[in-house]
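The chain contents come next:
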Amino acid sequence: MNKLENQNFFDLQFKPDVKISGDVLLLDTTLREGEQTPNVFFKLEDKIKIAQLLDEFGVHMIEAGCPTVSKGVKEAVKAIAEQGLKAEVLAHVRAKEPDIEEAVECNVDRVAVFIATSDIHLEFKLKKSREQILDMIYNSVKYARNHGLKVRFTPEDATRSDPQFLIEACHTAYEAGADRISIADTVGMLTPSGMKGFVKFMQHHLGNSVDIDVHCHNDLGLAAANALAGLEAGANCVHATVNGLGERTGITGLEEISVALTVMYGLDLGFKLDMLPKIARYVERASGVVIGQQAVVIGDYAFSHKAGIHTAGVLANPKTYEVFSPDLVGRGRQILVDRYAGKKAVEQKLKELGIIVNDDQLSQIVQKIKEVADTKRNFYDEDIIEIAEEVLQVSFRGISPSKVMGLISCKVDSSYHTSYIVRQMSALPLDRVYETSGEYEIVAIAQAESVPELNDLLEKIREIDGIAHTNTKIILKQFETMNSNYSHTQLV
Ligand code: HCA
Ligand code: CU
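As the structure is a prediction and not an experimental result, all values here were calculated from the model.

(A) The arrangement of the environment of lysine 74 in detail. Take lysine 74: it is sitting in helix H3 (residues 71-81). With residues up to four places along the chain from it excluded, the contact list for lysine 74 reads Pro67, Glu102, Glu105 and Cys106. Polar contacts involving the side chain of lysine 74 include one to the side chain of glutamate 102, which spans 3.0 Å.

Shown next, in the form of structure tokens:
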């Protein structure tokens, strides 16, 4: 049974009645949109590595950058285009011929030509008429097609554009040779139902021959929901960035969208989901944007369970409090212990720490944990060990002997009686001497002030007639057990 079949989470709940086509494509724009995150600068080596990781993960398209931004960005776009990746590599360009010229020089597969179509952008930013915009779209798309490039057209700020003009702009791009249109929710203003209506409207006016991308900004935390709604309505490509990077609050995260498509919609898009933590951590380091502890899929807390009721449920069946299993994304779950913990969680924790208790001891430990954890925020494994030691009256942490202790195993020559040798050893300053079964017939415990002194003692043992061979282990740490009823050495 493969991992996906094993999930079956909706057995317990409901199945979404809306399907998303299994042909859906995932475009990653960490290197373009993601580098537009405040304070983010990816080095060339990092960009290449990120592109390689994304390719291995299985994204279908990689938007590698906007070559006109700088020489360094152009160099990176070219280097990525020349990696021989499975994914289609794109350059993001303004609707200007010189921009496309630069993309051509980078050997990319496709250009994403963008220009704003909303009146507010036309008036205040571009200072151009609608006619001028349509000309720019037609000329730039045509130019790219004439240079052998595939073209996606992005009406920037599409969701705030006059619908009539938006359709006109998209038609113009289509006529000039664009085969994809990206619905850019540039300021993150849509809701999921708004996005659905938007996609349907576009399809109604543009027909089925144009493929639709959804590019959703997260200004109101709706980027992933809007993206899914767009796909449900028939868009067939979704834009994402690792860790949801991007301008302001970023866009749809690669981790959330890839897992949602798999788990919620039951699609097997061939993504290596267990690479997500590695990719996320790599981008975290390279970008300097720290992953939040509660970030979905990749945050530290994503699979941690705390309250007693939750942990008892999870220990009985993880599906009680997990929408998908952490091993789907190469992670493990954590059962936390603090004042919220119940017996099941504490028992599990103790087991993990190698401490086995009976029911009565467990109850006492749980009670003590609640008392101690009521007084402080951070409650560590060390605290649990300390409480268990107190309840069980043992030491789990071990103490380094104040003297040098040795465990000396002796092999006896077959022509000698073992007890004859033991009697001679008893005359030496050893702590204990045992006759044993197995490879060595005698084991002695010795202690000395120093290693040379222990060595002298060993020499004396070896001088005894009939000792064929010795094997000595230095004791590093000594532990008490529940049955320790004597102490053969003084521990300080
Ligand atoms: C931007 C442009 C863009 C383009 C999206 C796309 C947007 O604001 O820098 O090409 O699909 O959000 O409008 O990222
Ligand atoms: Cu954007």
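(B) How the structure looks around the pattern of salt bridges. Counted by the stated rule, this structure contains 36 salt bridges. Linking arginine 94 and aspartate 99 is a salt bridge whose minimum nitrogen-to-oxygen distance equals 2.9 Å. For lysine 349, the salt bridge is made with aspartate 381, and the minimal N-O distance between the two is 3.3 Å. Residue lysine 349 is located in helix H13 (residues 343-352), and its partner aspartate 381 is located in helix H15 (residues 381-392); the two are separated by 32 residues in the primary sequence.

(C) Seen up close, the coordination of the copper ion (ligand 2). Protein ligation of the copper ion (ligand 2) involves Glu33 (OE), His215 (NE2) and His217 (NE2), the donor distances falling in the range 2.0 to 2.1 Å. Mapping the donors of the copper ion (ligand 2) onto the primary sequence gives the spacing E-x181-H-x1-H. A relative accessible area of 4% places histidine 217 in the buried class.

(D) Looking closely at the site of ligand 1. Neighbouring ligand 1 are 13 residues; Glu33, His92, Arg152, Ser182 and Thr186 lie closest to it. Contacts to ligand 1 include glutamate 33, whose side-chain N or O atom sits 2.8 Å from an oxygen atom. In isolation ligand 1 offers 350 Å² of accessible surface; the protein chains occlude 93% of this area. At the level of elements, strand S5 (150-156) and strand S6 (180-185) are the ones that each hand at least two residues to the shell around ligand 1. Residue contributions to the shell around ligand 1 peak at three residues, all from S5. A per-class count over the shell around ligand 1 returns one nonpolar, eight polar and four charged.

(E) Highlighting the domain arrangement of the protein chain. With domains assigned, the protein chain is organised as domain 1 (20-287), domain 2 (304-396) and domain 3 (404-475). Taking only C-alpha atoms, the centre of domain 1 and the centre of domain 2 are 45 Å apart. Every contact between the two is made by seven residues of domain 1 and, on the other side, six residues of domain 2. Across the interface of domain 1 and domain 2, roughly 500 Å² is buried in total on both sides, 83% from carbon and sulfur atoms. Between domain 1 and domain 2 we count zero salt bridges in total. Across the domain 1-domain 2 interface, the total number found is zero residue pairs in polar contact (both at pLDDT 80 or more). Every element with two or more residues in the side of domain 1 that touches domain 2 is listed here: helix H10 (254-263) and helix H11 (276-287).

Definitions and limits used
- Residues numbered from 1 in each chain as written.
- Chains lettered and ligands numbered in written order.
- Predicted model: local features only at pLDDT ≥ 70, side-chain atom pairs only at ≥ 80, totals over all residues.
- Heavy atoms only, no water.
- Helix = DSSP H or I, 4+ residues; strand = E, 2+ residues; numbered from the N terminus.
- Contact = heavy atoms within 4.5 Å.
- Polar contact = N/O pair within 3.5 Å; in protein donor to acceptor, adjacent residues only side chain to side chain.
- Salt bridge = Lys/Arg side-chain N within 4 Å of Asp/Glu carboxyl O.
- Donors = N, O, S within 2.8 Å, 3.2 Å for Na, K, Ca; no water.
- Buried < 20%, exposed > 50% of the residue type's maximum accessible area, 1.4 Å probe, protein only.
- Near = heavy atom within 4 Å.
- Areas by Shrake-Rupley, 256 points an atom, 1.4 Å probe, with all protein chains shown as cover.
- Nonpolar A, V, L, I, M, F, W, Y, C, P; charged D, E, K, R; others polar.
- Domains from an automatic or database assignment.
- Buried area = accessible area lost by both parts, 1.4 Å probe.

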